[in-house]
Amino acid sequence: MMKMHCHMCTKKIFCYTVLSAALLVLVTACKKLDLAPSDRYTDLTFWQSDNNVNSALNNIYSGIYTSDRIFYNEALSDNAFTKLGGSSSVDAISSGNFTPSLPRFLNDWGYYYGGIKSCNIFLENVDKNSSIADAVKNRMKAEVRFIRAWHHFNLMKWWGDVPLLKKDITPDEAKVAVRAPRTEVLQFVLDELDAAAAALPANTQYAKTDLGRITRGAALALKARVLLYEGNRMSDVVAICEQLINNQAQNGTYALAANYTDLFSDKVINKESNESIFALQYVPQLKTWGDYLDFAPISVGARTNNLSPTQELVNAYIMTNGKQISDAGSGYDENNPYKNRDPRLAATIVYDQYKWVNPDGSTQIIYIKPGSSPAGQGANEYSRAGQGTASGYYWRKYWDPNYSAPGFSSGLNLHLIRYAEVLLMYAEAKNALGQMSADVWNQTIRALRLRAGFTDAGALDFPGNVSNMTQIIQNERRCELAMEGIRIDDLRRWKLAETVLNGWAHGAKYGDASVDNGYIQVQLRVFDKSKHYLWPIPPSETSLDINLGQNFGY
Amino acid sequence: MKNAMHTIPLRLRFYAFSGIYAVSFLLLTVLNLPAQVANASPFKAANFYQAKENKISLQIKNEKLQAILEKIEKKSGYAFVYSNDEINTEQKLSVNAKDKNIGDLLREIFTPIHIGYEIVKDKIILKPAKTAVPLAAGSSGLTSDFIPEAATAPMKTDTLIEGRVVDENKNGVGNVNIKLKGSTLGTTTNATGYFSLRIPDDQRNGVLVFSSIGYALREVPIDGQKKLVIQMNAESKDLGEVVIVGYGTQRKVSVTGAVDNIGKKAIEGRPVTNLSTALQGVSPNLIIQQRNFEPGQGVNINIRGLGTLGDNTPLVVIDGISGGDLNLINPNDIESISILKDAGTAAIYGSRAANGVILITTKKGRKNEKPTVAYNGIYGVQTPHISYKPVHAWENAYYKNESLVNSGLSPAFTPEQILELKNRGDGDWRVDNIVHDAGQQSHNITISGGGPTGTYLLSAGFLDQQNNFIGPNYGYKRYNIRFNQSNEIGKLKLNTILSYVKVEGKDHSYASGTLMVDASRVPLYYSFQDSAGNYLTNPVSAQFNPKAILEKGGYRKSNDDEIFGNFSAEYPVIKDLKLRGVFGGTVRSNHSFGRRMQLNFIPGGVYGDDREVFDNNFKSLFTNIQLIAEYNKTIQKHYIQVLVGGANESYKQEKNALYQTLTDSALGIPTSSTKIDATRSFNSNGTDLSDGNPATIETSINSLFGRASYSYNDRYFAEVDFRYDGSSKFAKSNRWGFFPSASAGWRISEESFMDGIRSVVNNLKIRSSYGMLGNQNVNAYQYQTAFYNYPNAYGFNNTVVSGAGYRLGNPSLTWEKAATFNIGFDATVLNRRLDFSFDYFDKTTSDILYGRRDVPQLFGAGFPDYNVAKVKNRGWELRANYNWPGKLINQTFSVNLADNLNELLALTYGASEQVETKEEFEIVRKVGQPITVYQGYKRDGYFQNLDDINKAPRFANSTVTAGDIKFKDRNGDGVIDDKDKYILGNPFPRYTFGFTYTAAIKGFDLQIFIQGVGKRDAMIRGEQVEPFHVGYGGTMYTHQTDYWTPSNPNAKYPRLAENGTASNKNNFRTGSDLYLFNAAYARLKNVQLGYTIPARITSKAHIQKARLYVTGQNLITLSKLQFLDPEITEFDNNESLGAGANSARAYFMPIFYGFGLDVTF
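Residues numbered from 1 in each chain as written. Chains lettered and ligands numbered in written order. Predicted model: local features only at pLDDT ≥ 70, side-chain atom pairs only at ≥ 80, totals over all residues. Heavy atoms only, no water.

A.B. asks: Outline the overall build of chain A, supporting the account with residue identities and numerical values.
C.D. replies: Regarding its fold elements, chain A presents 23 helices and 11 strands. On the principal axes, the C-alpha backbone points of chain A span a range of 125 × 60 × 50 Å. Buried positions account for 58% of the 554 residues belonging to chain A. Just so you have it, chain A exposes about 20,300 Å², and 52% of that area is on carbon and sulfur atoms. A distance of 6 Å separates the average location of the 56 positive side-chain charges in chain A from that of its 56 negative side-chain charges. (Helix = DSSP H or I, 4+ residues; strand = E, 2+ residues; numbered from the N terminus. Buried < 20%, exposed > 50% of the residue type's maximum accessible area, 1.4 Å probe, protein only. Areas by Shrake-Rupley, 256 points an atom, 1.4 Å probe, with all protein chains shown as cover. Lys, Arg positive; Asp, Glu negative; His and termini not counted. Charge placed at Lys NZ, Arg CZ, Asp CG, Glu CD.)

So this is what it looks like as structure tokens:
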């Protein structure tokens, strides 16, 4: 029970214990703290692998553009209306009732500059890789330079003067970046596209496995579009279009697809037709877009309709005889308005009593007119109180019948530039230069209308140098390219936005007969020509970089 | 003098160094003191033997015998000698002696506990009494060998007094010492509180003294009665009370920091399903918020509000091992919880303590305690509380027409149609029809006890909370098993804690918020099913039918396991120094599996056509090694404690996920069309594609830590704590951080100048602390720049290719540092009936890890965290408890109230503001404001007439109509634009409070618990605010009908107008204080009414205690916010700007009614 302790012992033991304790502490606490993740590369090792270089390039491709920008930009124009806002409140822009802090502006700005950064990082680092053949590396660089030019072009399109980033910038450089004059950005875009065109293979020179890569033809076509948008470079546009049309051995083989609908819905033609010059590539079930869930009639499985074609767009489609519906003798019947119309109307838009073809080939009638449907089939009807169309129309173009995939997810490619547009650019430029001729007509408008399914000579034959040739070409462009996100660009460069984007956008004739002749008033629009041709620089950007300044009027 | 020291039995010393309770060794070292002093210390103890008093006064309540012995030694100069094998010095006693001689004192103490004693020179030898004494045997039963006084003066004992001692709840109290005052006669009560005692006839009018641990001493005149029922009142306040602090315990009296101790009583009897919800309202500034009330959901926990822009989650330490999960521990297993709030208490946890620390101690068995079996169970029903109602179908048609007409459109319904709707009545498509009452039950069994060298506790718990959604058995089940055991092998003390938790959850296959909204915003024209039972859709919910999804749409099941272990060994190397080694850790293994079934609706719409099947696996291992040396020394009135330790904490988690779509519709197995969803599936060496983080994450922290505390005479206290941490989350050069704190306390009440008022001010202490705490709650690996690969980036030739993204690193990343100041006081007044404490804190956190916001987005990439932001957080806490014992009824009142308010001092480099648009309004981080605030326009009434419309400021290009909202033109420039926005509110709760009332009357007990928030702003949007919300909402609600009309110009809401109209745009697409709500509330959180069956009945069934009670949770809520539970927040606990706007679609709050049973055998 009892035990003696002497204090000297105690002290010794104490010291010893403390020492050993400290030692033990050090031993137990000695755990390695340099831990690295297993799933990622550091910037030192990353570029050495060929696979990684390819992946970095693929990442740049994936950031070219988005499906919602393509589709919802239609609602910025007079082609469509979005009732739920969608894509960062596009409806606020079209109504003119927005402030510079509207998210859409910053979203786009950040999106394009994010893409540019990926490009610059690639261009500045890819030479760290020593195993990829120089020829391949040069091709890759040209692809990246094309995409960098594309982003700058988009920025310039919306904002005018924008920072021009030819190299990767540091955070500090970003804080003092200045906006380059639009002319300087334009020149950079053109130079880069020239350089890319020189280095890139034509579509025929790529292996099949590279289908979808950027080609020399794409670089030329984009350059043509850039110049077309300038309005005063029409002879350059003509020259480039002629290179594409006439020198296909050099620049790639392009032609119109035989069938308009197939170009957007056929799983092979959509991807492999040589009408496609530059397209966002998708893969069924693996890399898909799903916007159609908000576009299609409710009865085919869609949810709340969020992008409705306008009556104005419907009206733009000419009669099969080639006349505008408002033309004398057009044969247009307001009570049977969809009869004898441009076949592209039915290929693009779902109207009342449309015969919808289901994936299995069966059909259903889409009843949209209020009160017109048989019992139990009212889901698609236009109703102010419902979740169907806001305008009396749904979309059909780009509907994907190939896969009854979940949530309307589609693997169809989305065209960014196709040969039809080259033909239209050619027609427009030639006409602007006063050089429209039967030859040009036949090469362009007639070819498009033939392909669309027109048979009537009134629609196909060159009408001569009519006074409204400009409008005919503009209208052709609108109908051919509807739902491809091009219309708002056209309205802005033609300075038509101030005309057509003011006042009511309309829907079908399901409204109060005393108001606008019964056509539904869908949205009241305001386009202030003094400022709305340019977007505001996002205020959060101008506050972080005072060098940016602001566009007029904001 | 040497002899005096050496008479201290070795065992006794062992206890001194080995006990986990600081109080024991503190007092024992007091006992050791004289010899020590005489030999070696500079302190003089010349009067040691003079210290022997002839008369001894001793007032001790509820202390261990060993501590009492020490005090007697100190006062008397005698030393005790005994064997631990024979004498249980762990038992607790109360002593109330005034001016007693040593013989009387010893007799009073030892007689009832059957210990004999013998005084030999300056030693007192203790032996067990030789014969076993039956309880209530009447006399002491001690042999004359050990009670010479008794032997020499035998008393005549011929009156038998019988009785029972009960507590406030009329439960029998065992082991109460009963003494006949002024004599040596006494006895103790048996386990059920009964006693009998023979006293001499001439003492029939004497006084009996009842004393027991934890109870106030009572003196009861016999007055000739032979049957007595004595009620003893709990004495909860005790200077000897200990609180758990980091890596040890402290006597409450010596605590210098801000630590709040929560006992198990705060949790017991409440039908809470996890500990985190149980803690709401029980401790000031321990702020618990919920994002929804669905079973199995976590909560936001904040201690003292928000101190950082990063993760504000407090460190949770369960039984000494950090990283515990409050949602997994069985609340029934908890003995006590300490909330460490300031640097003084938390600095020993260093780099992870900036958000406060929650220390949880689980129940253990007690030494020398016979096996006890306790059962606790609660069974009840949860009723969904949905506080909004859609208007009747026909009314809705009327409103819709008005909205259309106001928008210049033709009405949608003819009067005949409205009449028809009225005649037909409402459909059943409403949220009330996708919810039902759901059962909830919990059952716990605890077996505990202990022998002389060991203790054990084994508990098993089961919780079953069913989900209020209809559908096949959705709910949450938790199984807990816990085993706590301690063993002594000689001097070595071993402790083992093991626990196992299994959680089984099942819920539907969709998003609860979407189900809620799909069920609640469809007008009552529609029903979920037709007469044939087919599930329908309608123009408002055109795609999905929520009832069908719940009933047949598939499920998600979780099956999670957690194993926790803590093995510790403690060894007293020398007298004042002990070493403790701890190895502990947690293994978590979580698995979830889910299926979505395809459902086709009539007339259209399809759910689950992807027929997805998924598996998610998660496994983590956390290990913690600690080695701690603790040195305690008492030199006279000086007490010194030094603790140093080293530790490593390592964590590794691995995950994988497999998602398959287009599986077999019956079994969910792969078919030829089945696809693996590569954008969500990943292996453990890959990237978790849901958040972009590595699927395998490994982190580690090496630490040195310590505490040195000093106190003088229980009057002056000083303490320093530190921790030195190295974390793998930072690069080598920035890895180590030092986090010190210093604190001091002064018990003013012990000063002689307080002597006169000590009976009023029983205790008064002021204390203060200052120190530096750290925070490293950031994602791992951020200091390294990295490229990560992801699948399905793009396609070439209809074949997918993967992509590689770039993630910037920040090699200079390091700790957040929180300079924390605390000052507070504790006071006990009014004869110990009222005690209260107050704390004020001021914390400035700098180097807060936050992304850069100073760089415009044209930079082109996101940023990792940088040490850039700075936040000041100030607040206070008040706690008060009042005990009001009465003859018939005993009542207690306790209240806590707290406030906190933070201010953003710096955001990031040059940028002082970050604005995130959330639907209509904005949430903002702005220097000079609280961390996260709402921003938007302020309303200024309505445009009432043309004059208004022409003159009042409005948005450029907007068209307004009478009945539209006017906004305040803040800068007076005549136009409403971005510059006119105001900071509208602070979404973090302020003036949080809790109030508890208990009452005990005879066998009945009542507990009422109220909890609430005094001030909180909530911005809420969606269909509950906006009639016919955008295009999605199809119905109005009864709370929306007060809208502007010419005859109702001061309405709550603006005029009805369709989405897309200028009016709608102005009124509802503009983020204004229209969407701002006052989310203050007070909630009757819990009411318990219990009855304890008298022990005289239960004891016949060998039941020590049986209590039945009814209990209710969330019974009444008072709030101005009516259509949504005011507690629900859209934010996580750091108010991240990533939060989505609150659209009032969260799973509702259930109200619980049930009953419970506690039985102890």
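A.B. asks: Outline the nonpolar core, supporting the account with residue identities and numerical values.
C.D. replies: Within the largest apolar cluster, 186 residues are counted, with the highest numbers of intra-cluster contacts made by Ile64, Phe71, Phe122, Phe146, Trp159 and Tyr292 of chain A. Among the elements that take part in this core, helix α6 (residues 134-159) of chain A stands out by supplying 12 residues, more than any other. The contacts of Tyr292 of chain A, once residues within four sequence positions are left out, are Ala302, Trp395, Arg396, Lys397, Tyr398, Trp399, Phe408 and Met483 of chain A. Judged by nonpolar contacts, the second largest core, of 68 residues, contains Ile923, Met1036, Phe1077 and Ala1144 of chain B. (Core = buried A, V, L, I, M, F, W, Y, C linked by side-chain atoms within 4.5 Å. Contact = heavy atoms within 4.5 Å.)

A.B. asks: Now, about unusual backbone geometry: what can you tell me, with residues and values included?
C.D. replies: All names here are of chain B. Here the amide bond leading from Ile602 into Pro603 is cis, since omega sits at 5 degrees, within 30 degrees of zero. Topologically, Pro603 is positioned in the loop between β29 (599-600) and β30 (606-607). With a phi angle near 50 degrees, Tyr991 is a residue other than glycine that sits in the positive phi range. Residue position: Tyr991 is located in strand β54 (residues 990-1001).

A.B. asks: Provide a residue-level description of the interface of chain A and chain B, including the pertinent values.
C.D. replies: Interface size is commonly expressed as the accessible area that is lost once the parts come together. Across the boundary between the two partners, chain A contributes 107 residues, which contact 113 residues of chain B. Carbon and sulfur atoms make up 61% of the area that chain A and chain B hide from each other, which totals about 8,900 Å². Between the two partners, chain A and chain B, sit 4 salt bridges. Here chain A and chain B share 27 residue pairs in polar contact (both at pLDDT 80 or more) between them. In terms of residue count, helix α1 (residues 7-29) of chain A provides more of the side of chain A that touches chain B than any other element does, 11 residues in total. Taken together, the residues of the side of chain A that touches chain B break down into 53 nonpolar, 31 polar and 23 charged. As judged from the 3 bridges shared by strand β1 (residues 40-42) of chain A and strand β40 (residues 786-796) of chain B, these two strands associate in the antiparallel manner. Residue pairing in the sheet places Arg40 of chain A in a bridge with Tyr788 of chain B of β40 of chain B. (Buried area = accessible area lost by both parts, 1.4 Å probe. Salt bridge = Lys/Arg side-chain N within 4 Å of Asp/Glu carboxyl O. Polar contact = N/O pair within 3.5 Å; in protein donor to acceptor, adjacent residues only side chain to side chain. Nonpolar A, V, L, I, M, F, W, Y, C, P; charged D, E, K, R; others polar. Pairing = 2+ DSSP bridges.)

A.B. asks: Tell me about the packing of aromatic side chains, and please be specific about residues and values.
C.D. replies: What the rule picks out here adds up to 82 aromatic pairs over all chains. Ring geometry for Phe71 of chain A and Tyr398 of chain A: centres 5.8 Å apart, planes at 85 degrees, overall edge-to-face. In this pair, Phe71 of chain A sits in helix α3 (residues 67-72) while Tyr398 of chain A sits in the loop between β8 (394-395) and β9 (414-418), placing the two residues 327 residues apart along the sequence. Judged by relative accessible area, Tyr398 of chain A falls into the buried class, the value being 1%. Ring centres of Phe1077 of chain B and Phe1123 of chain B lie 5.2 Å apart, and the angle between their planes is 90 degrees; on these two criteria the pair is classed as edge-to-face. With Phe1077 of chain B in strand β57 (residues 1076-1078) and Phe1123 of chain B in the loop between β59 (1105-1119) and β60 (1149-1160), this pair connects stretches of sequence that are 46 residues apart. The burial state of Phe1077 of chain B is the same as that of Phe1123 of chain B; both residues are buried. Ring pairs connect the aromatic residues Phe71, Tyr72, Tyr260, Phe264, Trp289, Tyr292, Phe295 and Tyr398 of chain A, which therefore count as one cluster. Over the ring of Tyr112 of chain A we find Arg69 of chain A, and its NZ or CZ is 5.9 Å from the ring centre. The ring of Phe863 of chain B is capped by Arg852 of chain B, whose NZ or CZ atom sits 5.6 Å from the centre of that ring. (Phe/Tyr/Trp six-rings, centres within 6.5 Å; stacked < 30°, edge-to-face > 60°. Lys NZ or Arg CZ within 6 Å of the ring centre and 35° of its normal.)

A.B. asks: Before we move on, could you go through the packing of α6 of chain A against helix α9 (residues 216-230) of chain A and cite the residues and values that matter?
C.D. replies: All names here are of chain A. Two elements in contact, α6 and α9, have axes whose closest approach is 11 Å; the angle formed by their N-to-C orientations is 15 degrees. One element, α6, and the other, α9, form an angle in the roughly parallel class. Crossing angle aside, the handedness with which α6 passes α9 is left-handed. Residues Phe146, Trp150, Phe153, Met156 and Lys157 of α6 form the contact with α9, whose own contacting residues are Ala218, Ala219, Leu222, Arg225, Val226, Tyr229 and Glu230. Considering only residue class, the contact of α6 with α9 consists of 9 nonpolar, no polar and 3 charged. (Axes fitted to C-alpha atoms, helices over the stretch in contact; angles between N-to-C directions. Parallel < 35°, antiparallel > 145°, perpendicular 65-115°, else oblique. Left-handed = near helix turned anticlockwise from the far one by under 90°.)

A.B. asks: Now, about the confidence of the model for chain A: what can you tell me, with residues and values included?
C.D. replies: Confidence along chain A averages 91 in pLDDT terms, with 93% of residues attaining 70 or more. Considering only residues more than four positions removed or in separate chains, one finds that residues 1-8 of chain A, a stretch of pLDDT under 50, has 17 contacts. (pLDDT = per-residue confidence, 0-100.)

A.B. asks: Any details on the side chain of Asn59 of chain A? Residues and values, ideally.
C.D. replies: By secondary structure assignment, the location of Asn59 of chain A is in helix α2 (residues 50-62). What makes Asn59 of chain A buried here is its relative accessible area of 16%.

A.B. asks: Before we move on, could you go through the sheet that holds strand β41 (residues 799-807) of chain B and cite the residues and values that matter?
C.D. replies: Spatial strand order, β1(A)-β40(B)-β41(B): 3 strands in an open sheet with antiparallel pairing. The sheet terminates laterally at β1 of chain A together with β41 of chain B, the two strands that pair on one side only. Each neighbouring strand pair of the sheet contributes to a mean axis angle of 45 degrees, computed without reference to strand direction. Two elements, β40 of chain B and β41 of chain B, share 8 bridges in a ladder whose sense is antiparallel. Its bridge partner being in β41 of chain B, Tyr790 of chain B is matched across the sheet by Gly803 of chain B.

A.B. asks: Summarise the pattern of salt bridges; cite the residues concerned and give the values.
C.D. replies: Under the criterion given, the structure shown has 104 salt bridges over all chains. As a salt-bridge pair, Arg715 of chain B and Glu751 of chain B come within 3.5 Å of each other at their nearest N and O atoms. You can see Arg715 of chain B sitting in the loop between β36 (696-712) and β37 (716-727) and its partner Glu751 of chain B sitting in the loop between β38 (736-747) and β39 (761-775), a full 36 residues away along the chain. What makes Arg715 of chain B buried here is its relative accessible area of 19%. Measuring nitrogen to oxygen at the nearest pair gives 2.9 Å for the salt bridge that ties Arg767 of chain B to Asp826 of chain B. Note that Arg767 of chain B is positioned in strand β39 and Asp826 of chain B in strand β42 (residues 816-829), a separation of 59 residues in sequence. There is no split in this pair, since Arg767 of chain B and Asp826 of chain B are both buried. Bridged by salt links that share partners, the residues Glu275, Asp342, Arg344, Lys397, Arg418, Arg449, Arg451, Glu476, Glu480 and Glu484 of chain A form one connected network.

A.B. asks: Explain the state of the cysteines to me, and be specific about the residues and the numbers.
C.D. replies: Residues and elements named next belong to chain A. A full pass over the atoms with the stated rule returns 0 disulfides over all chains. In this model Cys241 remains outside any disulfide bridge; the closest cysteine sulfur is found in Cys479, 20 Å from its own. Overall, Cys241 belongs to the buried group, its relative accessible area being 0%. (Disulfide = S-S within 2.5 Å.)

A.B. asks: Kindly report on the confidence of the model for chain B, identifying the contributing residues and their values.
C.D. replies: Residues and elements named next belong to chain B. Residue-level pLDDT values for chain B average 86, and 91% of them are 70 or greater. Per-element mean pLDDT across chain B ranges from 35 in helix α3 (residues 22-40) up to 97 in helix α12 (residues 546-552). The low-confidence segment residues 1-53 (pLDDT under 50) makes 142 contacts with residues lying over four places distant or belonging to another chain. Segment residues 130-155: pLDDT under 50, and 44 contacts once partners within four positions in sequence are set aside and those in other chains are kept. Here the predicted complex scores 0.78 on pTM and 0.90 on ipTM.

A.B. asks: Got a sec to walk through the environment of Pro864 of chain B? Specific residues and values, please.
C.D. replies: Residue and element names in this part refer to chain B. Structurally, the position occupied by Pro864 is in the loop between β43 (834-851) and β44 (865-884). A residue is classified by how much of its surface remains accessible, and Pro864, at 5% relative accessible area, is buried. In sequence terms Pro864 and Arg852 are 12 residues apart; their C-alpha atoms lie 7.8 Å from each other.

A.B. asks: Go over the sheet that holds strand β53 (residues 982-985) of chain B, please, and point to the residues and values.
C.D. replies: All names here are of chain B. The antiparallel open sheet is built from 4 strands, whose spatial order is β46-β47-β48-β53. Sheet topology places β46 (913-918) and β53 at the edges, where each strand pairs with a single neighbour. Direction aside, neighbouring strands of the sheet carry axes that sit 40 degrees apart on average. In terms of strand pairing, β46 meets strand β47 (residues 921-926) through 6 bridges, oriented antiparallel. The residue bridging Gln914 from the neighbouring strand is Arg925, located in β47.

A.B. asks: Any details on the side chain of Thr159 of chain B? Residues and values, ideally.
C.D. replies: Residue and element names in this part refer to chain B. Structurally, the position occupied by Thr159 is in strand β6 (residues 159-166). Under the relative-accessibility criterion, Thr159 is labelled buried at 5%. Among the polar contacts made by the side chain of Thr159, one reaches the side chain of Asp201 at a distance of 2.4 Å. Aside from chain neighbours lying at most four places away, what touches Thr159 is Leu197, Arg198, Ile199, Asp201, Arg204 and Lys226.

A.B. asks: Break down helix α9 (residues 393-406) of chain B for me, citing the residues and quoting the values.
C.D. replies: All names here are of chain B. Over its 14 residues, α9 runs 20 Å from end to end, which matches the ideal 20 Å to within 8%, given 1.5 Å per residue. Every buried residue of α9 is accounted for by Ala393, Asn396, Ala397, Tyr399, Lys400, Asn401, Glu402, Ser403 and Leu404. Against α10 (415-424) lie the buried residues of α9. Following α9 by one or two positions, Gly408 adopts a phi angle in the positive range, close to 75 degrees. (Expected span 1.5 Å × (residues − 1).)

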